[in-house]
Amino acid sequence: MADLNQIDLRALARGDKRTWDAFVIAAAPLINAVVRRTLGAYRLGEDDVMDAAQDVFVRLCAQEFRLLKTYDPDRAGLSTWLSVVSRSCAIDHLRRRRHATEPIDDVPEAVLGVEDRHVEKLKVPDGLLTARQMLILKYLYDEERDVTEIAKLLSVDAQTIRSTHHKALQRLRAHFREEEPSRGG
């Protein structure tokens, strides 16, 4: 049986078939366990668990191994990184599955109605937030990206995104709390 830590990641990212086969054999137990644990609370069948685990491998090799090439051994061990990717894939699988479970004809018409909500965009005063805070808020709220995706995009840890988001919200709350009494008139 192949050891995950002995896989030549460069050969894997190049698409070497023999290396890929060894990687699948070595990574499958970990990926299956993480997916099974992630989906366990939802009481899904074994087919769903295996489909979600297969999604992990598909995601890793998609677009010429784009995701696999983002792995940085200085930031995390391969098994830790694969666990995070596996959990993310399992959650995505669950979301796709949930969306497809109820036929539209079975949904009450009132639920399908679109509420007309005009949401005015918050005007953030210049200099209140850092450029990074503004960018993270844009990704989170305007583009509706998740924390993991933003972290990958900015090449930082997901906790950095959460922390920066939290600090930005604190600044916004403090600023608009101070402004409130002058609005009342």
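From a predicted model like this one, the values you see are computed outputs, not experimental measurements.

Caption draft 1: Representation of the confidence of the model for the protein in the model. Per-chain confidence: the protein averages 84 in pLDDT, with 83% of residues scoring 70 or above. Taking the mean pLDDT of every element in the protein, the minimum, 57, falls on helix H5 (residues 109-112) and the maximum, 93, on helix H7 (residues 147-154).

Caption draft 2: Examining unusual backbone geometry more closely. The phi dihedral of Glu 64 falls on the positive side, at around 55 degrees, and the residue is not glycine. You can see Glu 64 is positioned in helix H3 (residues 46-65). For Glu 64, a relative accessible area of 65% corresponds to the exposed category. Of note in the backbone geometry, Phe 65 takes a positive phi value of approximately 65 degrees without being a glycine. Looking at the secondary structure, you find Phe 65 in helix H3. Under the relative-accessibility criterion, Phe 65 is labelled buried at 13%.

Caption draft 3: Fine view of helix H2 (residues 17-39). Where H2 bends most, at Ala 27, the angle is about 45 degrees, and the proline Pro 29 comes one to four residues later. Where H2 is concerned, the buried positions are Thr 19, Trp 20, Phe 23, Ala 26, Ala 27, Ala 28, Ile 31, Asn 32, Val 34, Val 35, Thr 38 and Leu 39.

Caption draft 4: Region of the structure containing the environment of Gln 6. Note on placement: Gln 6 falls in the segment before helix H1 (9-13). C-alpha of Gln 6 to C-alpha of Ala 22: the two residues are 16 residues apart in sequence and 9.6 Å apart in space.

Caption draft 5: Molecular detail of the packing of aromatic side chains. Following the criterion strictly, the structure yields 5 aromatic pairs and no others. Between Trp 20 and Phe 23, the ring centres sit 5.4 Å apart and the planes meet at 40 degrees, which makes this aromatic pair tilted. Of this pair, Trp 20 and Phe 23 both sit in helix H2, 3 residues apart, roughly one helical turn. Residue classification places Trp 20 among the buried residues on the basis of a relative accessible area of 16%. Here Phe 23 falls in the buried class, since its relative accessible area comes to 0%. Aromatic pair Trp 20 and Phe 65: ring centres 5.8 Å apart, planes at 65 degrees, arrangement edge-to-face. Here Trp 20 is found in helix H2, whereas its partner Phe 65 is found in helix H3, with 45 residues between them in sequence.

Caption draft 6: Region of the structure containing the side chain of Thr 38. Among the structural elements, Thr 38 can be located in helix H2. A polar contact is formed between the side chain of Thr 38 and the backbone oxygen of Val 34, at a distance of 2.8 Å. Once residues lying within four places of it in the same chain are set aside, the contact partners of Thr 38 are Arg 87, Ala 90 and Ile 91.

Caption draft 7: How the structure looks around the environment of Val 156. Along the polypeptide, Val 156 turns up in the loop between H7 and helix H8 (158-184). Relative accessible area serves as the criterion here: at 14%, Val 156 is assigned to the buried category. Considered as a pair, Val 156 and Arg 75 are 81 residues apart in the sequence and their alpha carbons are 9.5 Å apart. Here Val 156 is in contact with Arg 75, Arg 132, Ala 151 and Ile 161, once residues within four sequence places are set aside.

The rules we used
Residues numbered from 1 in each chain as written. Predicted model: local features only at pLDDT ≥ 70, side-chain atom pairs only at ≥ 80, totals over all residues. Heavy atoms only, no water. pLDDT = per-residue confidence, 0-100. Helix = DSSP H or I, 4+ residues; strand = E, 2+ residues; numbered from the N terminus. Buried < 20%, exposed > 50% of the residue type's maximum accessible area, 1.4 Å probe, protein only. Bend = angle between axes of the 7 residues up to and from the residue. Phe/Tyr/Trp six-rings, centres within 6.5 Å; stacked < 30°, edge-to-face > 60°. Polar contact = N/O pair within 3.5 Å; in protein donor to acceptor, adjacent residues only side chain to side chain. Contact = heavy atoms within 4.5 Å.

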